[in-house]
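Reading the structure
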Amino acid sequence: MIKNILSDKELTQLMTLLRDAQHIVVCGHVSPDGDAMGSCLGWADYLYRLGKEPTVVMPNHCPDFLKWLPGYYRVQHFIDRPGPVEEAFAKADLVCCIDFGEASRVQNMQQTLEKCPAPRLVIDHHTNPDPALATAMLVSRPKASSSAEVVFRLIMQLGGWPQMTRSAATCLYCGIMTDTGNLAWSADDPELYQIISMLMRKHIDKGQIYRNVYYSYSEDRLRFIGHVLGDKLVTFPDKHAALFTITRQELTDYHYIRGDAEGLVNMPLQIKGMKLSVSLREDTEREVVRVSLRSVNDFPCNRMAEDFFNGGGHLNAAGGELPFPIEDAVQTVEKAIEAYAELLTGVPAESSDAAK
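Worth saying up front: this structure is predicted, and the values here are computed from it rather than measured. (Residues numbered from 1 in each chain as written. Predicted model: local features only at pLDDT ≥ 70, side-chain atom pairs only at ≥ 80, totals over all residues. Heavy atoms only, no water.)

Once that is clear, we can look at the layout of surface pockets. In this structure, the second largest pocket encloses a volume near 270 Å³. Among the elements of the structure, α2 (34-49), β2 (53-58) and α6 (166-179) are those that each provide at least two residues to the lining of the second largest pocket. Residues that form the lining of the second largest pocket fall into these classes: 9 nonpolar, 3 polar and 3 charged. (1 Å grid on protein atoms, 1.4 Å probe; cavity = no way out; pocket = protein on both sides within 12 Å on 5 of 7 lines; lining within 4 Å. Points joined across faces, edges and corners; volume = space filled by probe spheres on them. Helix = DSSP H or I, 4+ residues; strand = E, 2+ residues; numbered from the N terminus. Nonpolar A, V, L, I, M, F, W, Y, C, P; charged D, E, K, R; others polar.)

Here you go:
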């Protein structure tokens, strides 16, 4: 039995929002990942079954390895054609913001989102969402594995399980799979496996979904990974941390396409004893350095991202950005590692003092 995610009052509120809306914009964050794409497309499929007219919009494109998702061909991208996206917002009587909790996460689409008068429903699983984003209703469940899990639970409580299509189930499973590293983290709730079982009853091809995401890269990507791990990886053995940088020139040299760096930041964590991995990558569209952090056990990537990298995220996966040049960003990472040395080494300050 899947527990309800909403109280009776919240359920009534959500049902009223959906009842009173016909033209609904479903909005994801910039550089959408598997969870953003999967949860948005899964929710849009549910809305379509209700007789609504959903439009899925994204600020820019997702990686190539997600473009097979059912319904992707209908997604509107602001970066390509802002006009139709602005028209969708102007026509909307409800906006669903999924997998993000701050308006800044849609970047170049932020003004269009904020000036839209339609009520906003936020469905998310990140910590500390901005209440100002959710003008109508906030459904934030930080303990959930993914926004796709939250969407599934909402559909269940709304009575939409019998009508759920294989396409929607495929999208939601992809969101759960990618945001948990194929169930390697954020996947300790036994109910999550009941949800996966129910998705499989919709005849999804779990193996093919995995292959579509993780076995569809180019030869250039494999050589790019070899270059980064072989030539760019820097480790701090006494701090159990690792860092690598990626420049625009290197992206050009290895014919980088969106998604080629996916999962790369996790690889240094395969080193025995490593607790933190940090990636710095020069953005190809803006004058910033993109920061990705991954950790194991209880090291708080989200706190480090907030303190040093103008970002945030989850306990073991977070991100942010820093201004150019990348050399300054490296120095910021080194300061962050030093500031968090006690957590990385596991040696409390009082123990160090006692040893002196």
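Our next topic: the confidence of the model for the protein. Considering every residue of the protein, the mean pLDDT works out to 95; 97% of them sit at 70 or more. When the criterion is pLDDT under 50, residues 351-356 qualifies, and its contacts beyond four places in sequence or with other chains add up to 1 contact. (pLDDT = per-residue confidence, 0-100. Contact = heavy atoms within 4.5 Å.)

Attention now goes to the sheet that holds strand β6 (residues 137-140). Pairing within the open sheet is parallel, and its 6 strands lie in the order β3-β2-β1-β4-β5-β6. Across the chains shown, the open sheet's two edge strands, defined by having one partner strand only, are β3 (76-77) and β6. Lying over the sheet, α2 contacts β1 (23-27), β2, β4 (94-98) and β5 (120-124), oriented at roughly 165° with respect to β2. Helix-sheet contacts for helix α3 (residues 82-91) involve β1, β2, β3 and β4, and the interaxial angle to β1 is about 125°. (Pairing = 2+ DSSP bridges. Axes fitted to C-alpha atoms, helices over the stretch in contact; angles between N-to-C directions.)

We now examine the packing of aromatic side chains. Per the counting criterion, the structure on display carries 10 aromatic pairs. Between phenylalanine 224 and tyrosine 256 the ring centres are 6.3 Å apart and the planes differ by 65°, which places this aromatic pair in the edge-to-face class. Linking phenylalanine 224 in helix α9 (residues 219-232) with tyrosine 256 in the loop between α10 (248-253) and β9 (276-282), this pair joins segments that are 32 residues apart in sequence. Residue phenylalanine 224 is classed as buried on the basis of its relative accessible area, which comes to 2%. Judged by centre distance (6.4 Å) and plane angle (65°), the rings of phenylalanine 308 and tyrosine 340 are edge-to-face. Within this pair, whereas phenylalanine 308 is found in helix α11 (residues 301-308), its partner tyrosine 340 is found in the loop between α12 (326-339) and α13 (341-345), the two being separated by 32 residues in sequence. What makes phenylalanine 308 partly exposed here is its relative accessible area of 24%. You can call tyrosine 340 buried: its relative accessible area is 6%. The structure contains a cluster of three or more aromatic residues connected by ring pairs, namely Phe299, Phe308, Phe309 and Tyr340. The ring centre of tryptophan 161 lies 4.2 Å from the NZ or CZ of lysine 202, which sits over that ring. Above the ring of tyrosine 217, the side-chain terminus of arginine 221 is found at 3.7 Å from the ring centroid. (Phe/Tyr/Trp six-rings, centres within 6.5 Å; stacked < 30°, edge-to-face > 60°. Buried < 20%, exposed > 50% of the residue type's maximum accessible area, 1.4 Å probe, protein only. Lys NZ or Arg CZ within 6 Å of the ring centre and 35° of its normal.)

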